[in-house]
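Given next are the chains, with one letter for each unit.
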Amino acid sequence: MVITRPCEKDVPRTFVEFGFHPIEFNCAELARGPEWRGLLIDGNARQVADARALFSDRIKIVEAFLTLDNLDFIKNQFPKIGVLSIDVDGNDYWFLEELIHTEPSVICVEYNSSFGLEPVTVPYDAAFDRHQKHPRGWYHGASLTALSKLCATHGYGLAAISSAGTNAFFTRAGSLDPKSAWKPYVT
């Protein structure tokens, strides 16, 4: 799902997204808009190089494999984060838990629908690789229920689910029930 405009009118025009492809990522439309500044982070050198060729200096692009030990530069990138988008196919829950204190206006985080409705998350592993954990890569991330509980403890509610059943969106005004909003992954 591509974020075209945040649902809250007073959202700061900043975004942080990690785990991206240079032409297809959640904040792509925001990155193309002249009023937005952003930070894109990925561990793939080729994707980072391609993104640097595509986007202006308003978008800072960093090549990094993220761990809980190196997230400080994200926390200090903007005075206030408008949209925080996390899609790393692994430690998504743990990164959100560490960064939720930045109080982004909108949180977009990938959930693993194969975990169903139980509050499940994979254990943190600094060197997480989903294909080493499961032959098809299905063991990664967290369930929608686990992410919803984490967000609720910080005053966020579920606002939307992507049509493909991959991304969950949380805001302060979100009020959807995760159990009724949950969707399976659709290819």
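Residues numbered from 1 in each chain as written. Predicted model: local features only at pLDDT ≥ 70, side-chain atom pairs only at ≥ 80, totals over all residues. Heavy atoms only, no water.

Peer 1: Before we move on, can you summarise the pairing of strand β5 (residues 106-110) with the specific residues and values?
Peer 2: The element β5 is extensively covered by neighbouring structure, given that 5 of its 5 residues are classed as buried. Alternating residues of β5 divide into Val106, Cys108 and Glu110 and Ile107 and Val109, and every residue in both groups is buried. Of the strand pairs in this sheet, strand β4 (residues 83-86) and β5 are connected by 4 bridges, and their pairing is parallel. Across the sheet, Leu84 pairs through a bridge with Ile107, a residue of β5. Read from β4 through helix α4 (residues 92-99) to β5, the crossover connection turns out right-handed. Sheet topology note: the β5/strand β7 (residues 167-171) ladder contains 4 bridges and is antiparallel. (Buried < 20%, exposed > 50% of the residue type's maximum accessible area, 1.4 Å probe, protein only. Helix = DSSP H or I, 4+ residues; strand = E, 2+ residues; numbered from the N terminus. Pairing = 2+ DSSP bridges. Right-handed = clockwise from strand over helix to strand, strands pointing away.)

Peer 1: Please provide a residue-by-residue account of the sheet that holds strand β2 (residues 37-42), values included.
Peer 2: One open sheet accounts for 7 strands, arranged β3-β2-β1-β4-β5-β7-β6; its pairing is mixed. Across the chains shown, the open sheet's two edge strands, defined by having one partner strand only, are β3 (59-63) and β6 (157-161). Ignoring strand direction, the axes of neighbouring strands in this sheet form an average angle of 15°. Strands in contact with helix α2 (residues 45-54) are β2 and β3; relative to β3, the strand with the most contacts, it is inclined by about 160°. The sheet contacts of α4 involve β1 (14-18), β4 and β5, and relative to β4 the element is tilted by about 155°. (Axes fitted to C-alpha atoms, helices over the stretch in contact; angles between N-to-C directions. Contact = heavy atoms within 4.5 Å.)

Peer 1: Lay out the pairing of β6 in plain terms, naming residues and giving numbers.
Peer 2: As judged from the 4 bridges shared by β6 and β7, these two strands associate in the antiparallel manner. Bridging from a neighbouring strand, Gly157 pairs with Thr171 of β7. What sits between β6 and β7 in their antiparallel hairpin is a turn of 5 residues, with Gly165 showing a positive phi close to 70°.

Peer 1: Provide a residue-level description of the environment of Thr14, including the pertinent values.
Peer 2: By the secondary structure assignment, Thr14 is in strand β1. Take Thr14: its relative accessible area is 5%, and that puts it in the buried class. Placed 17 residues apart in sequence, Thr14 and Ala31 show a C-alpha to C-alpha distance of 9.3 Å. Not counting residues up to four positions away in its chain, the partners in contact with Thr14 are Trp36, Arg37, Phe78, Lys80, Ile81, Gly82 and Val83. Here Lys80 takes part through its backbone oxygen, which lies 2.7 Å from a polar atom of the side chain of Thr14. A polar atom in the side chain of Thr14 sits 2.9 Å from the backbone nitrogen of Gly82. (Polar contact = N/O pair within 3.5 Å; in protein donor to acceptor, adjacent residues only side chain to side chain.)

Peer 1: Summarise α4; cite the residues concerned and give the values.
Peer 2: Looking at α4, one finds that the buried residues are Asp92, Tyr93, Phe95, Leu96 and Leu99. Taken down its axis, α4 places every buried residue within 165° of arc, on the same side. The inward-facing, buried residues of α4 contact β1, α3 (72-75), β4, β5 and α6 (144-152). (Arc of directions from axis to C-beta.)

Peer 1: So what's going on with the environment of Ser180? Residues and values would help.
Peer 2: The residue Ser180 is located in helix α7 (residues 178-181) in this model. When the C-alpha atoms of Ser180 and Leu117 are compared, they prove to be 9.7 Å apart, with 63 residues separating the residues in sequence.

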